[in-house]
Amino acid sequence: MPCTRRTLIAAFCCSVVVFVTYAVIVEPLVFPDALDMVAVYSSHTGAIFNHAWTAVKSRYNLPRDLVVDKREYQNANYPCYPTSPPENTFIQRQQKIQHQRRHLLQQACHQYLGSDQFSATKMEKTPEVAFLLENYHLLYAQTAKIAGTSWDRVLLVLNGVANSTSQFGQSETIDLTKITVPRLENYKHSDRSFILSNFTTFMFTRHPFSRLLSAYHCKVGPDATEEHVHRGFYDLLRKRIQKKYQRTKPDGIPNFRDFAQYLVDTNSFSDPHWKENYKIVSPCDVDYDVIGHFETLEEDARYILTSVGADCLVEFPTSEGSAATNSSHTDTLVEHYKDLPRDLLEGLYERYKLDFLLFGYSFEVEIDGEMLQLPPPIDVINLNQK
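Each chain has its residues counted from 1, following the order in which its sequence is written. Reporting of local features is limited, given that this is a predicted model, to residues whose pLDDT is at least 70; pairs of side-chain atoms are given and counted only at 80 or more, and all residues count toward the totals for whole chains, interfaces and linings. Think of the side-chain values as coming from all heavy atoms in the structure, minus any hydrogens and water.

K.L.:
Before we go on, may I ask you to explain the overall build of the protein in this structure?
P.N.:
Per the convention used, a helix needs a DSSP run of H or I reaching at least four residues, while a strand needs a run of E reaching at least two, with both numbered from the N terminus. The helix and strand tally for the protein stands at 17 helices and 6 strands. Counting every position in the protein, which comprises 386 residues, the buried fraction comes to 45%. In this analysis, two residues are considered to be in contact whenever any of their non-hydrogen atoms come within 4.5 Å of each other. Long-range pairs, those at least 24 residues apart, make up 71% of the contacts in the protein between residues at least 6 apart in sequence. Just so you have it, the protein exposes about 20100 Å², and 52% of that area is on carbon and sulfur atoms. Whether a residue is buried, partly exposed or exposed follows from its accessible area with a 1.4 Å probe, protein chains only, as a fraction of its type maximum: under 20%, in between, or over 50%, in that order. Each accessible area is a Shrake-Rupley result for a 1.4 Å probe, and residues are judged covered by the shown protein chains and nothing else.

K.L.:
Hey, could you run me through the packing of helix α12 (residues 256–266) against helix α16 (residues 342–359) in this one?
P.N.:
Helix-helix packing: each pair is described by the crossing angle between the helix axes and the interaxial distance. Between α12 and α16, whose axes approach to 10 Å, the crossing angle comes to 55°. In terms of orientation, α12 and α16 fall into the oblique class. For the pair α12 and α16, the sense of crossing is left-handed. Touching Arg257, Ala260, Gln261 and Val264 of α12 are Leu344, Gly347 and Leu348, all from α16. The residue classification treats Ala, Val, Leu, Ile, Met, Phe, Trp, Tyr, Cys and Pro as nonpolar and Asp, Glu, Lys and Arg as charged. All others, Gly included, are polar. Across the contact of α12 with α16, the residue classes break down as 4 nonpolar, 2 polar and 1 charged. Interaxial angles span 0 to 180 degrees and are taken between N-to-C directions of axes, which are lines fitted to C-alpha atoms, for helices over the stretch in contact. Should an angle lie under 35 degrees it is considered roughly parallel, over 145 roughly antiparallel, and from 65 to 115 roughly perpendicular; all remaining angles are considered oblique. Helix crossings are classified by the rotation of the near helix relative to the far one: an anticlockwise turn of less than a right angle makes the crossing left-handed, while a clockwise turn makes it right-handed.

K.L.:
I tried to follow the pattern of salt bridges on my own but got confused; where do I start?
P.N.:
A side chain with one charge can pair with a side chain of the opposite charge if their charged atoms come near. Here, a salt bridge means any side-chain nitrogen of Lys or Arg that lies within 4 Å of a carboxyl oxygen of Asp or Glu. Summed over all chains, the structure comprises 9 salt bridges. Among the ionic pairs, glutamate 128 bridges to lysine 275, the shortest N-O distance being 2.6 Å. Taken together, the positions of glutamate 128 in the loop between α5 (85–113) and β1 (130–133) and lysine 275 in the loop between α12 and α13 (277–281) put the pair 147 residues apart, joining distant regions of the chain. Residue lysine 239 pairs with aspartate 235 through a salt bridge whose shortest N-O separation is 3.9 Å. Of the two residues, lysine 239 and aspartate 235 are both situated in helix α11 (residues 233–245); the distance of 4 residues between them amounts to about one turn of the helix. By relative accessible area, aspartate 235 is classed as partly exposed at 25%. Among the ionic contacts, a cluster of salt bridges with common partners joins Glu276, Lys279 and Arg351.

K.L.:
Could you clarify how one ought to interpret the state of the cysteines in this entry?
P.N.:
Here is the idea: a disulfide is a covalent bond, and it sits between the sulfur atoms of two cysteines. Cysteine sulfur pairs qualify as disulfides if the two atoms are within 2.5 Å. Per the counting criterion, the structure on display carries 1 disulfide. Covalent S-S linkage joins cysteine 109 and cysteine 284, the inter-sulfur distance amounting to 1.9 Å. Between cysteine 109 and cysteine 284, the S-S dihedral sits near -85°, and the bridge is therefore left-handed. With cysteine 109 in helix α5 and cysteine 284 in the loop between α13 and β4 (290–293), the pair connects residues that are 175 residues apart, well separated along the chain. For the pair cysteine 109 and cysteine 284, one class covers both residues: buried.

K.L.:
Any chance you could explain unusual backbone geometry here in plain terms?
P.N.:
A negative phi angle characterises most non-glycine residues, just as the trans form characterises most peptide bonds. That bond from leucine 374 to proline 375 is cis: its omega, -5°, falls within 30 degrees of zero. Within the fold, proline 375 resides in the loop between β6 (370–374) and α17 (377–384). A positive phi is found at lysine 145, a non-glycine position, where the angle reads about 70°. Residue position: lysine 145 is located in the loop between β2 (138–141) and α6 (148–158). Even without being a glycine, aspartate 368 presents a positive backbone phi close to 55°. With respect to the helices and strands, the residue aspartate 368 is situated in the loop between β5 (363–367) and β6. Look at aspartate 368 and you get exposed, because its relative accessible area is 77%.

K.L.:
Please clarify how the side chain of arginine 206 should be interpreted in this entry.
P.N.:
Take arginine 206: it is sitting in the loop between β3 (200–205) and α9 (208–220). Counted charges follow a simple rule, with Lys and Arg positive, Asp and Glu negative, and His plus the chain ends left uncounted. One buried charged residue, arginine 206, remains without a salt bridge, the closest side chain of opposite sign being glutamate 295 at 5.5 Å. Among the polar contacts made by the side chain of arginine 206, one reaches the main-chain carbonyl oxygen of lysine 145 at a distance of 2.6 Å. We call two N or O atoms a polar contact when they sit within 3.5 Å, provided that within protein one can donate a hydrogen and the other can accept it, with sequence-adjacent residues counted only if both atoms are side-chain atoms. In this structure the side chain of arginine 206 is engaged in a polar contact, spanning 3.0 Å, whose partner is the side chain of serine 210.

K.L.:
Just checking my understanding: could you explain the packing of α6 against helix α7 (residues 170–180) for this structure?
P.N.:
At a minimum axis separation of 9 Å, α6 and α7 run at an interaxial angle of 55°. Here α6 lies oblique to α7, going by the angle between them. Along this stretch, α6 crosses α7, giving a crossing that reads as left-handed. Contacts between α6 and α7 pair Thr149, Asp152, Arg153, Leu155 and Leu156 from the former with Gln170, Thr173, Ile174, Leu176, Thr177 and Thr180 from the latter. When grouped by side-chain class, the residues that make up the contact of α6 with α7 number 4 nonpolar, 5 polar and 2 charged.

K.L.:
Help me understand α12, please; the structure alone is not making it clear to me.
P.N.:
Of all the residues in α12, the buried ones are Phe256, Asp258, Phe259, Ala260, Gln261, Tyr262 and Leu263. At its buried positions, α12 is contacted by α9, α11, α15 (330–337) and α16. One side-chain oxygen of the residue at the start of α12 lies 3.3 Å from the amide nitrogen of arginine 257, identifying that residue as asparagine 255. Phi for asparagine 267, located one or two positions after α12, is positive at around 55°.

K.L.:
Is there a simple way to explain the packing of aromatic side chains in this structure?
P.N.:
Any aromatic ring pair is given by two values, namely how distant the centres are and how the planes are angled relative to each other. Classification of ring pairs uses Phe, Tyr and Trp, with its six-membered ring standing for Trp, and accepts pairs whose centres are within 6.5 Å; under 30 degrees between planes counts as stacked, over 60 as edge-to-face, and the remaining range as tilted. Following the criterion strictly, the structure yields 19 aromatic pairs and no others. Relative to phenylalanine 202, the ring of tryptophan 151 has its centre 4.7 Å away and its plane inclined at 50°; by these criteria the two rings are tilted. Linking tryptophan 151 in helix α6 with phenylalanine 202 in strand β3, this pair joins segments that are 51 residues apart in sequence. Here tryptophan 151 matches phenylalanine 202 in class, with each residue buried. Of the aromatic side chains, those joined through ring pairs into one cluster are Phe209, Tyr216, Phe233, Tyr234, Phe256, Phe259, Trp274, Tyr337, Tyr349, Phe356 and Phe363. Each ring is checked for a lysine NZ or an arginine CZ that lies within 6 Å of its centre and within 35 degrees of its normal; such an atom marks a charge sitting over the ring. It is arginine 206 that lies over the ring of phenylalanine 294; its NZ or CZ is 4.0 Å from the centre.

Note that all results are geometric; they support no functional claim without further evidence.
Here it is as C-alpha cells:
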C-alpha cells in the first residue's frame, strides 16, 4: 500500500511538471495564440509581449534566456503580421507617395539650401523635439500645430502609460508625454546618430498658412481658451499688438490681419507654434522615412503604425479632445487671407517660402481683381529645372 501511495504521488508530481512545462513554455512558443490572449487583455499595450513574459518569469522563476525578442515575435506571429493583401495594396500606394515627397524634398533642399540631403554630415542637425519608442524602433519629430497632441496620445498607449488614446485630457496628455516618453536630446551624440540611421523616423508638415491660422485661433484669437490666453506670453502678445496698431477691438483681441502684420513687422517667428517647420524638423539634414502631411493625416498615420507593427494595438485618434481649429479647409483659408494686403501676403510667403517649396504647398487668392499665386511661377520654374 505505501508503495502504491508513493507511486501515485510521483505520478501526480510528474503530471504537474508536464502541465506547467506545457502551459508556460511549450504552448506560448508553439501556439502563440495563447500568448496573444494575454496580449489582448493587457492594460499596457506598448509592451505587451515583454509584460506577459515578465509575469511568467516572475511567477515561475524562469531563466532570462527564455525571453523571446519582441520584434522577432511580431514578425513571426503577432496579429499585426502578416499584412493582408488589401493592406499590401495600401502599403504600396503609400510607399509611392513617400517616394514622391522625398524626391521633391531632396530637389528643394539642393536648390534652395545648397544641401546634398542625407550626406555624411546629416547628423549635425537634429529635430528640435523628437520622441522615441525603443520597443518599436520609432522616432517622431514633432511640430506644434500639426496633430501633436493626437500623436502624444498614440505614444502614451504604445509606451504602456495609457490604456487608450482617450484616457487623458489634452493638458494631461502633453505633460505625461514630456515626462514618460524619451526624447532624442537626452541621448549622447553617438546614440543619436545610430537612432537617426536605424529607427523608423517620421515627421509631419502642414500648409504654412493653415498652420499659422490655427496658431492664431488657438493662442491669440477670440476662440483661444482661457488656459492659452493667460499663459503670460500670449496675453502680453495681445497687448503688444493692440498697442502697435490701435485697431484691436475693445475686448483686447487682435484680428488675424494685425496678428500676421505684427509677426512680419517685428520678425517675431520664434514661437514654436508658428516658427517655420523646416527649422524645427531639419528635413534637409535628417533622412526621414516618412514625411506625413496634415492634409492626409489619417492615411499617413495608418501607414506609420502599420510599418512598425502597431496598427492593431492602437488606432490614430480623431481631433476630439484636442485644440482643433478647422483651419485647413480651403474656404476657411481663403476667407481669412483674401482681405490681407498684397504686401503682407508676400511677406508671409517669404517667411514660409521654404516650407512651401520643400513640402510642395501652394496658395492662390484674388486680390483687387488679380490672382496672387504662391509660390510665384519663377520659384516653381527654378525648382523644376534642377
